[in-house]
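Per-entry structural report
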Amino acid sequence: MTNDLPVTGSQARVRKVKPSAFDLRGSSFPTSDGGGDLLEISLGPHHPSTHGVFRMDVVLDGETIVRLKPVFGYLHRNHEKLGEGTSYLGSMPYTDRLDYLNAMTNNWAYAIAVEKLAGVTVPERAEYVRVILAELTRLLNHSCLAGFLMQDCGCSGTPLMYAFREREKILDLFESLSGSRMMCNYQRFGGCRVDPTADWLEGARRLTDGYSAFLDEYEALLTGNEIIMARTQGVGRLPAALAVSAGVTGPMLRASGVAHDLRKVDGYGVYPRLNFRVPLGDHGDVYDRYMVRMLEMRESIGILQQALRDLPGGPILDPKAKQRGLRPKAGEAYGRIEGPKGEIGFYLISDGTGNPARYRVRAPSFVNLTILEDLCLGHTVADAVIILGSIDIVLGEVDR
Amino acid sequence: MEALEVLRERLCARFSGIEVALIPNASPSGQSSLLLSGSGLREVAYFLRDDPALRLDQCSNVTGVDWPEREVVDTVKETQPGAPGEAPTIVERKIKRTEPGCLEVVYHLYSIALRQGPLVLRLRTGNRTDAVTVPSFTPVWRSCEFQEREVFDLFGVVFEGHPDLRRILMWDAFKDHPMRKDYVEPDDYEWEPTPHGDVLAKARKHYPVPMAPGATDDPATAGKISE
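Read on for an overview of the structure. (Residues numbered from 1 in each chain as written. Chains lettered and ligands numbered in written order. Predicted model: local features only at pLDDT ≥ 70, side-chain atom pairs only at ≥ 80, totals over all residues. Heavy atoms only, no water.)

1. Some thoughts on the overall build of chain A
Test applied: Per the convention used, a helix needs a DSSP run of H or I reaching at least four residues, while a strand needs a run of E reaching at least two, with both numbered from the N terminus. We compute the radius of gyration from the C-alpha atoms alone; for a globule the expected value is 2.2 Å times N to the 0.38, where N is the number of residues. Think of it in three bands: residues with accessible area under 20% of the maximum for their type are buried, residues over 50% are exposed, and the middle band is partly exposed, with areas taken using a 1.4 Å probe on protein chains only. Contacts are assigned to residue pairs that have any heavy atoms within 4.5 Å of one another. Surface accessibility follows the Shrake-Rupley procedure with a 1.4 Å probe radius. Residue values consider only the protein chains on display as shielding. For the purpose of counting charges, residues Lys and Arg are taken to be positive, whereas Asp and Glu are taken to be negative. His and the chain ends are not included. Where a charge lies is defined by one atom per residue type, namely NZ (Lys), CZ (Arg), CG (Asp) and CD (Glu).
Summing up its helical and strand segments, chain A has 15 helices and nine strands in all. Compactness check: chain A gives a C-alpha radius of gyration of 22 Å against a globular reference of 21 Å for 400 residues, within 12% of the reference. Overall, the C-alpha framework of chain A stretches about 70 × 50 × 40 Å when taken along its three principal axes. Every one of the 400 residues in chain A was classed for burial, and the buried ones make up 62%. Considering only intrachain contacts with a sequence separation of at least 6, the fraction spanning at least 24 residues in chain A is 71%. Carbon and sulfur atoms form 53% of the exposed surface of chain A, whose accessible area is close to 13,900 Å². Across chain A, 45 positive and 48 negative side-chain charges occur, with their mean positions spaced 5 Å apart.

Laid out in structure tokens, this is it:
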């Protein structure tokens, strides 16, 4: 793909680079301090540590990374063009496919953008149900992320499988509510598609109450672990100023100590009525990114308990809200929410017809990748792998 | 945040050589935008980022919009003097004109420090073919780096001053810009055992497909056997 030399055979392709021969992009090639040769390694695209089909073009001086260029687009299917070719409702199931973990929050972000564009109101019960599902998604995403990150660190299997055990319980809830484990297609403009039953709510309550025990177990295994601390502390530090400038959002931004959570800042849905704290990191390294997510899950449990307790009755969907035949009048809207990975936003331009004239996805994974090179410079390849893991990307969303 | 009209006045007073137009947004979202044109726009961006009342330190979203050339019909009312003693008649005339196309880049700016936003900025290119350059805001907000590359890749807007302007989602040898409205997909039809509907119409362009009795080539009815 981009800038490529032919990739054949092994995935990690090592070759010697002559500085004079290297002028593929017109950028100057870094030189070795120690007088040795530089190595260019292609890490990926089919490597387990890249979380999908992702390639890093790494130049090494000895073991130290002196340049790293991410290369992606392998999963590009022009999602935004597909959105222009279908009705507003028709894009809803496509938003599931951006991210295999966060279908519910992607649905919500899209629904919010369309509701802003068309001026649709949402019944209170639906707002609560949306919060419940978003927080379950956050638990799901952060548990899995911790598992994947530990896998990248080299603790093969165990933490990931523990996380997957919990993930399966949440996916069971999603399935019984929406009919699908991962591709939920659950939110609608002006509410949600089906009303959760009393049984379902009881199941969600049971899961929420039991989740602390899982987190205690998980943290006993990982948080204080000496090897994990040695491996992740001080690695991939992201200064707060760079994080803000680079548009980094979500737990990654908060791990750098910037208090910015859209649930507080925008106060969308019923979040202003719920009591929760926003955990912040001090150092902005990989360990802080892991820790912030762990603490966020504890807060999510609190939010879930409040939302399940306060859930009002009433309709789940605004009966006057149009779904299939929605034709917002000409204009535009940008709607965003705090997804588990960061700010997920949708920008829509309507020309008054049934299809959007422009449908844009602001994917958190894509923007968060901007600073990957800055984080990795001066570290080793093994560190680059866990830095990438701590950014929390899903390639379906990066490539769109 | 201050009203867009006030901000527009402030920008016009401070920067000579730029024009700022307010683009109203009739939708319930109410997110109107400022259209910037002229020279030295990057200075304006630095100002928006550093001004103590705005401090728009986060450029959240950068995207392109393609506005192809289109025909617009304007209705003009003309008063024609009537015959002496009669009232003048009003005649409506419809004038067709072609509105030139352009590419637009939209920036959504927020302030994390002051918790305000969005300020929606728009830049427009001169046309869709040869005057497609706008200044890059990557030196101002680092988050533009990949997003402007994406706009370059999918829409063909050239960002002047971007440190590393390459394709990002499509491969380097790719020629066209797929998000443009007039983009034509490559004809990459693959053999289908049972073509029907518009797939059948496509198949016929590549090799002879036996026609069912009573079937037509019309894509709407192709593959269906009429009574």
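Now that the structure has been shown, we can carry on.
2. A few points about a negative patch on the surface
Residue and element names in this part refer to chain B. Heads up, the condition is: Here, patches come from residues exposed beyond 30% relative accessible area and free of salt bridges, joined within 9 Å for like charges and within 5 Å for nonpolar side chains (Val, Leu, Ile, Met, Phe, Trp, Tyr). Each reported salt bridge corresponds to a side-chain nitrogen of Lys or Arg within 4 Å of a carboxyl oxygen of Asp or Glu.
A contiguous patch of negative charge on the surface is contributed by Glu185, Asp187, Asp188, Glu190 and Glu192. Looking at the element boundaries, Asp188 is found in the loop between strand E9 (158-160) and helix H4 (198-206). A residue is classified by how much of its surface remains accessible, and Asp188, at 54% relative accessible area, is exposed.

3. Describing the sheet that holds strand E7 (residues 116-124) of chain B
Within a sheet, each strand pairs with its neighbour through backbone hydrogen bonds, oriented either parallel or antiparallel. All names here are of chain B. Short version of the rule: When DSSP finds two or more bridges between two strands, those strands count as paired. Only C-alpha atoms enter the line fits that serve as axes; for helices the fit covers just the stretch in contact. Angles between N-to-C directions range over 0 to 180 degrees.
With mixed pairing, the five strands of this open sheet are ordered in space as E1-E2-E7-E6-E3. The strands lining the two open edges of the sheet, one partner per strand, are strand E1 (18-23) and strand E3 (58-67). Direction aside, neighbouring strands of the sheet carry axes that sit 25° apart on average. Where E3 lies against strand E6 (residues 102-111), nine bridges are found, and the strand directions are antiparallel. Residue pairing across strands places Val62 opposite Tyr107, the latter belonging to E6. Along the sheet, helix H2 (residues 41-50) contacts E1, strand E2 (33-38), E6 and E7; its crossing angle with E2, the most-contacted strand, is approximately 140°.

4. So, the interface of chain B and chain A
Our working definition: Here's the idea: put two parts together, see how much 1.4 Å probe accessible area each one loses, and the total over both is what we call buried area.
On the side of chain A, 52 residues touch chain B, which itself brings 45 residues to the contact. Of the roughly 4,000 Å² buried between chain B and chain A, counting both surfaces, carbon and sulfur atoms make up 53%. Of all residues in chain B, B:Arg142, B:Phe146 and B:Leu169 give up the largest surface area on contact with chain A, accounting jointly for 17% of the area buried on that side. The interface formed by chain B and chain A includes six salt bridges. Here B:Arg142 and A:Asp374 are joined by a salt bridge, their closest N and O atoms 3.0 Å apart.

5. Comments concerning the pattern of salt bridges
All names here are of chain A. Evaluation of the coordinates by the stated rule reveals 53 salt bridges over all chains. The closest approach of N and O atoms between Glu80 and Arg400, which form a salt bridge, is 3.0 Å. With Glu80 in helix H1 (residues 79-84) and Arg400 in the segment after helix H15 (395-399), the pair connects residues that are 320 residues apart, well separated along the chain. Neither residue differs from the other here; Glu80 and Arg400 are each classed as buried. Here Glu299 makes a salt bridge to Arg277, at a shortest N to O gap of 3.2 Å. In this pair, Glu299 is assigned in helix H11 (residues 286-310) and Arg277 in the loop between helix H10 (262-265) and H11, connecting sequence segments 22 residues apart. By relative accessible area, Glu299 is classed as buried at 14%. Residue Arg277 is classed as exposed on the basis of its relative accessible area, which comes to 62%.

6. What to know about the sheet that holds strand E9 (residues 356-362) of chain A
Residue and element names in this part refer to chain A. Reading across from one edge, E7-E8-E9 is the order of the three strands in this open sheet, with antiparallel pairing throughout. Of all strands in the sheet, those with a lone pairing partner are strand E7 (331-339) and E9, marking the two edges. In this sheet, adjacent strand axes meet at a mean angle of 10° when their direction is disregarded. Where E7 meets strand E8 (residues 342-350), nine bridges bridge the pair, whose relative direction is antiparallel. When the sheet's bridge partners are listed, Glu332 is paired in E8 with Ile349. Along the sheet face, helix H3 (residues 103-118) touches E7, E8 and E9 and points at about 150° away from the line of E7.

7. Things to note about the packing of aromatic side chains
The description of an aromatic ring pair uses the distance of the two centres, along with the angle that the planes make with each other. Cut-off, in case you're wondering: In this scheme Phe, Tyr and Trp rings, the latter by its six-membered ring, pair at centre separations within 6.5 Å, and the angle between planes marks the pair as stacked below 30 degrees, edge-to-face above 60, and tilted otherwise. Cation placement over rings: the criterion is NZ of Lys or CZ of Arg within 6 Å of the ring centroid and within 35° of the ring normal.
Applying the stated criterion across every chain yields a total of 22 aromatic pairs over all chains. Between A:Phe54 and A:Phe72, the ring centres sit 6.0 Å apart and the planes meet at 15°, which makes this aromatic pair stacked. Taken together, the residues span a long stretch of sequence, with A:Phe54 in the loop between strand E2 (38-43) and strand E3 (55-61) and A:Phe72 in the loop between strand E4 (64-71) and H1 at a distance of 18 residues. The residues A:Phe54 and A:Phe72 share a single accessibility class, namely buried. An angle of 75° between the planes, with centres 5.6 Å apart, marks the rings of B:Phe15 and B:Phe47 as edge-to-face. In this pair, B:Phe15 sits in the loop between helix H1 (4-14) and E1 while B:Phe47 sits in helix H2, placing the two residues 32 residues apart along the sequence. B:Phe47 matches B:Phe15 in its accessibility class, with the two residues each being buried. Over the face of the ring belonging to A:Tyr271 we find A:Arg263, whose NZ or CZ atom lies 5.8 Å from the ring centre.

8. Focus: the pairing of E7(A)
Successive side chains on a regular strand alternate, one facing one side of the sheet and the next facing the other. Most of E7(A) is tucked away, with nine of its nine residues classed as buried. Here E7(A) folds back onto E8(A) in antiparallel fashion, the turn holding two residues.

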